[in-house]
Amino acid sequence: MYDKSNDFGEGSEREYFIEVEHLNTSVTSQVIPISPSAEPVKVDPNDSPAIIKEPKQEKKEEKVCECEARVRAFIRMVRVGEGTGELIKSYDKKEKKTIYITHDFQAGYTMAFGGTKITNLSTHPQTIYKIKSSDQGSSAAGAYQVMRYTWWELAGFEVKNKKKTGKYFEDRDLLKKHNVIDYSAESQDKICVILMEKQRPNLINKIIANKIEDAIQKDGCFIWASLPEINDLSHYYYNDKRQPATPLKTCMEHYNDFFQEELKGNSNLHLKKGFLKEFGYDCCKGNISNLVENNGTCKSCHEDHYDLTDKVKWQTQFDSKWGDTEAQKVACKKTCDDILNKVGLANTSKAEADRYQTALENDKHTTILINSAEAKQAVQYINEQLKNGNPVQVGVDHALNYKGGKLNEGTTDHFVIIIGKACENNKIYYRFYDVGTRHNEKGASKNNKLFLKSDNSLKGTTVYSGQTYLVTQVRKNKKK
């Protein structure tokens with residue numbers, strides 16, 4: 001993937017750029033001889049010998065799925081930015097402007113970091129490629145510049161600090177699930193779709209619904225740094241500055257051109273017809289506009305889904321940096337702040353103006369009182385932040401009169417981080433990281449869910465202890 005998380009630093013700038021004086025194009029005609037063994041064409045005696053009727057052939061027009069055409073066009077647009085597409089950025093000295101020239105599309109499947117050619121596509125190379133006279137290196141390989149640790153994760157292996165831990169989870173093995181058995185051209189195209197599904201579950205639905213600009217700036221830019229997020233700049237930083245990205249206008253021009261080609265059945269990709277159905281998208285059944293409702297992208301809950309797990313990393317509060325064991329036991333807030341800090345956000349404040357107080361225990365600490373109006377505003381705030389790619393810190397109550405009701409405002413017992421939104425059986429839930437455990441598989445479990453209730457409260461269980469959490473505070477984000 002383009003600089004998403006390379007082996008020498010997050011979001012480092014890497015750009016394929018060719019400088020040319022001018023362009024010369026030539027067309028070569030190809031003469032196809034008639035095979036001597038070909039059967040002679042029979043001439044009707046009633047016809048003039050000079051007029052030979054060719055056998056009539058019925059032209060069968062294969063219907064193109066518009067949904068698939070849109071996704072294919074989007075993928076081709078991404079590849080231009082990655083430097084592995086059918087067009088590549090160049091600079092015309094005479095005109096003094098950036099232009100795009102034709103490029104070998106198929107060669108992109110065998111291109112590794114630094115221009116190294118991959119000779120074996122039986123699997124991802126899983127090699128660190130070095131740039132000459134430089135200590136920098138990367139395992140980025142293929143048409144979508146996938147890193148080796150990304151390949152491991154897609155294969156179901158647990159990865160920490162870009163290294164395998166030795167643990168394998170069959171339910172996480174997306175390559176096996178989608179029958180990706182090698183690193184061939186078709187496999188790489190399927191991996192691109194898998195990444196879109198895994199890292200930004202909202203993305204493909206937006207593309208199908210023709211919300212392309214939103215798909216680029218609100219989802220695609222989190223996977224590929226070559227796509228713009230704000231003002232034609234990448235979501236990712238290099239040397240404390242946002243990287244330059246392909247301008248949105250240019251992205252849209254490429255997408256629209258490729259979409260028209262795809263509608264005509266002209267594609268250089270190796271995805272087979274019906275590939276979206278393999279991923280659970282029954283898009284060609286009926287009208288496309290019915291696939292995605294006007295007020296959201298999920299057909300079940302009619303709301304947007306978000307997943308920030310690729311951007312936000314789980315941490316445990318049981319870390320020696322917080323002090324001794326006793327200090328670590330009460331370091332949940334510090335740890336949640338640290339998680340926010342690592343994505344560019346400041347520590348949250350307990351000031352009333354900086355939080356939504358959604359619930360309080362009564363004076364006797366025998367029951368919880370929900371402030372439904374405040375909770376509604378809090379949920380709207382969470383949605384807005386997730387849409388903008390920001391995690392949200394929330395306080396939760398897990399035991400009435402916990403430690404004598406002396407913690408925080410007398411209600412909040414613990415802090416967690418909300419990192420996603422989805423639905424289950426049409427019920428909306430918010431996924432969270434729980435820092436209160438030493439075990440990653442529990443703290444970052446996909447089953448840590450806070451369900452949205454009819455009174456706007458958020459309630460669910462944490463995997464590590466099985467305790468029921470009720471959100472009592474929603475802290476507002478601030479930039480550093």
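First, a word on scope: everything that follows refers to the structure included in this document.

The rules behind the values
- Residues numbered from 1 in each chain as written.
- Predicted model: local features only at pLDDT ≥ 70, side-chain atom pairs only at ≥ 80, totals over all residues.
- Heavy atoms only, no water.
- Buried < 20%, exposed > 50% of the residue type's maximum accessible area, 1.4 Å probe, protein only.
- Helix = DSSP H or I, 4+ residues; strand = E, 2+ residues; numbered from the N terminus.
- Contact = heavy atoms within 4.5 Å.
- Salt bridge = Lys/Arg side-chain N within 4 Å of Asp/Glu carboxyl O.
- Axes fitted to C-alpha atoms, helices over the stretch in contact; angles between N-to-C directions.
- Parallel < 35°, antiparallel > 145°, perpendicular 65-115°, else oblique.
- Left-handed = near helix turned anticlockwise from the far one by under 90°.
- Nonpolar A, V, L, I, M, F, W, Y, C, P; charged D, E, K, R; others polar.

Here the focus is helix α10 (residues 332-341). When you tally the buried positions in α10, you get eight out of ten residues, the bulk of the element. Those residues of α10 that fall on the buried side of the exposure criterion are Cys-332, Lys-333, Thr-335, Cys-336, Asp-337, Asp-338, Ile-339 and Leu-340. On the buried face of α10, the contacting elements are β14 (392-397), β15 (414-424) and β19 (468-475).

Here the structure, examined in full by the defined rule, presents 19 salt bridges. The residue Arg-70 makes a salt bridge to Glu-66 at a minimum N-O spacing of 3.1 Å. On the criterion of helical spacing, the pair formed by Arg-70 and Glu-66 is a turn pair, its members being four residues apart in helix α1 (residues 66-82). Owing to a relative accessible area of 31%, Glu-66 belongs among the partly exposed residues under this scheme.

What follows covers the packing of α1 against helix α7 (residues 248-263). The N-to-C vectors of α1 and α7 enclose an angle of 135°; their axes lie 8 Å apart at closest approach. The angle between α1 and α7 places the two elements in the oblique class. Where α1 crosses over α7, the handedness of that crossing is right-handed. Each of Glu-66, Ala-69, Arg-70, Arg-72, Ala-73, Phe-74, Arg-76, Met-77 and Val-80 in α1 lies in contact with α7, whose residues at this interface are Cys-251, His-254, Tyr-255, Phe-258, Phe-259, Glu-261, Glu-262 and Leu-263. Here the residues of the contact of α1 with α7 are counted per class, giving ten nonpolar, one polar and six charged.

With that settled, the discussion passes to the environment of Thr-102. Checked against the element boundaries, Thr-102 lands in strand β3 (residues 97-102). Thr-102 sits in the exposed class, given a relative accessible area of 71%. Taking the C-alpha atoms as reference, Thr-102 lies 4.5 Å from Leu-87; in sequence the two are 15 residues apart. Non-local contacts of Thr-102, meaning those with residues more than four positions away in its chain, are made with Glu-86, Leu-87 and Ile-88.

What is shown is where atoms sit, not what they do.
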